[in-house]
Structure formats: C-alpha cells, structure tokens
Amino acid sequence: MPEIPEIIEAGLWGLVAGSALLVGAVIGYGVRVPRWLTASVMAFGAGVLLSAVSFELVAEAYEEAGLAPAAIGTIGGALAYTGGNAWLARRGARHRKRSGGAQPSEEQQEGSGLALALGALLDGVPESAVIGVSLLKGGAVSLVTVIAVFISNVPEGLSSAAGMRQARRSKVYVFTVWGAIALASTVAAVLGYAVVGPLSATVVAAVTAVAAGAILAMIADTMIPEAFEDAHLAIGLITVAGFLVSFALSHA
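Residues numbered from 1 in each chain as written. Predicted model: local features only at pLDDT ≥ 70, side-chain atom pairs only at ≥ 80, totals over all residues. Heavy atoms only, no water.

Enquirer: Honestly, the packing of aromatic side chains in this entry has me stumped. Any pointers?
Expert: Ring pairs (aromatic) are described by centroid distance and by the angle formed between their planes. Across all of its chains, the model carries 3 aromatic pairs by this definition. Taken together, a centroid distance of 5.9 Å and an interplanar angle of 70 degrees make the contact between phenylalanine 55 and phenylalanine 243 edge-to-face. Of this pair, phenylalanine 55 sits in helix α2 (residues 35-65) while phenylalanine 243 sits in helix α8 (residues 235-250), and the two are 188 residues apart along the sequence. Among the aromatic residues, ring-to-ring pairing joins Phe55, Phe243 and Phe247 into one connected group. The ring of tyrosine 173 has arginine 169 lying over it, and the distance from NZ or CZ to the ring centre is 5.5 Å. (Phe/Tyr/Trp six-rings, centres within 6.5 Å; stacked < 30°, edge-to-face > 60°. Helix = DSSP H or I, 4+ residues; strand = E, 2+ residues; numbered from the N terminus. Lys NZ or Arg CZ within 6 Å of the ring centre and 35° of its normal.)

Printed below as a string of structure tokens:
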C-alpha cells in the first residue's frame, strides 16, 4: 500500500484533532450538561495540554535549539496570543469558553458573533500548526500531541457551544463556526508542515516554542477560568489527572 504524502498526513491529523471541537459543540449545544461537569472536563483538558506543552513542545524546543530560542519563542507566542486575545475581548469574545451566561448576545454587543468566531480560530490555530511541525521530526506525527489536542478540544467546544446557546446563537451559527474551525485546523497543520519544513532545526524549534507559548497563554486566559468558575474540591485533582494522563502517554 503506497504511503500517504506527509503533507496530506499533516492535514488529516489536523482534521482529526480539530473535529473534536465539533464533537464537543454538538454535545454542548444539544445536551444540557451540568456546569460542574463542564468545569471538570475543562480542568482535565487543561491538565492534558499543560503536560503536552511541557514535555512535547517546550522540552523538545530546548533540546533542539537550547534555552534562549525556546524561551524567546515561548514568550513571543504568549505575547502574540495575549495581544490578539485582548483585542477580541473588547469586542465580545472574552468569555468565549464560558458555558454559563457570560457570553454576550448580538443584541447586547454588536459584532460579538464575529469576535467569538475569530477567538475560536485564535485558540485552535497554534495547537493544529504544531501537529504539522511535529511531522518534521523523524517523519512521524507526535501521537501524544494529537491525542492531547483532541482531548482538550472536546471540552473547549462543549463549553463554548453551551455558552453560545445561552446567548441565543442559532444552530447554524454555532455549527458553522466549529465546522469552519475544524477545517482551519486542517489548513493550520498543513501550513505548519509546509511553511516550517524548509527552515533550519533551530528555527523549527523556535516555532514550536512560539506555539507552546500561545497554547500556555490560551490555557491561562480561557480554559482555567472556565474550569474554576464553578470550582468544586476535586477540580485541582482532576487537572492533575489530566496532566498525568498526558505525561504517561508521552513516556509510554
């Protein structure tokens, strides 16, 4: 059986990871999930991503290029994400992952629907791009990264879609947004592979660190607040469980 070209493989893995957002959105919009359960799932997803960023992204960037490129890239990614997030927050996307009534409706803040869509894109692109970049290292995608992104994307889509429903967004809007983000994840993974491929190992490591910084900022800005808004005593333990699951996968 002929091998799948790596650039197509990158897109397929990006689509797999991104499709979890749509799965979560279907559940969040169609099923009234208790907020404590949404918070728990979000905490688990945050723990998974924190571990993946630490052991799959930042650690690899450090091993490939040293401390300076890894640190500069991570800070740069965090700054870029924070800047984009701050701009979108002023336009109604601050609480885009909140499952409660924090998301504004279009009547409450005009243009917030577009801001929510752009926010979802901002959150999803770094995760997917790094999947494509991971193919450059030894010719095989990092399954740990794909699994971590998939696991974390389900609660992201779930919580955000539940909030969109409470803000009276239509089904067409909600599923169009998350379907488009799933496709954008495919494109981001392809671009991560195709654009970064010709670059040196040091630059690849720096790009990986940039994605890691953006993901870390996203976790702190959007996932953790949702997880702890309706905190119960087990939230910290659930976050640690997610971290350990991802850690175990990366060391299997």
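From this point, the discussion proceeds with the structure in view.
Enquirer: I'm lost on a nonpolar patch on the surface in this one. Help?
Expert: On the surface, Trp87, Leu118, Leu121 and Val125 cluster together into a nonpolar patch covering about 300 Å² of accessible area. In terms of residue count, the dominant contributor to the nonpolar patch is helix α4 (residues 112-134) (3 residues). Exposure remark for tryptophan 87: the relative accessible area of 40% places this residue in the partly exposed category. (Patch = residues over 30% accessible without salt bridge, like charges linked within 9 Å, V, L, I, M, F, W, Y side chains within 5 Å. Areas by Shrake-Rupley, 256 points an atom, 1.4 Å probe, with all protein chains shown as cover. Salt bridge = Lys/Arg side-chain N within 4 Å of Asp/Glu carboxyl O. Buried < 20%, exposed > 50% of the residue type's maximum accessible area, 1.4 Å probe, protein only.)

Enquirer: Help me understand the environment of alanine 59 in this model?
Expert: Relative to the elements of secondary structure, alanine 59 occurs in helix α2. We classify alanine 59 as partly exposed; its relative accessible area is 22%. Separated by 146 residues in sequence, alanine 59 and alanine 205 have C-alpha atoms that sit 9.7 Å apart.

Enquirer: How should I be thinking about the nonpolar core in this particular structure?
Expert: In summary, soluble globular proteins display a tendency toward joint burial of nonpolar side chains. Residues Leu49, Leu57, Ile215, Met218, Ile219 and Met223 are the most contacted members of the largest nonpolar core, which totals 19 residues. Looking at this core, the elements with two or more residues in it are α2 and α7 (201-229). Among the elements that make up this core, the one with the highest residue count is α7 (9 residues). The contact partners of isoleucine 219, leaving out residues within four places of it in the chain, are Ala46, Leu49, Leu50, Ile224 and Pro225. Within the second largest apolar cluster, 11 residues are counted, among which are Ala25, Val174, Val177 and Trp178. (Core = buried A, V, L, I, M, F, W, Y, C linked by side-chain atoms within 4.5 Å. Contact = heavy atoms within 4.5 Å.)

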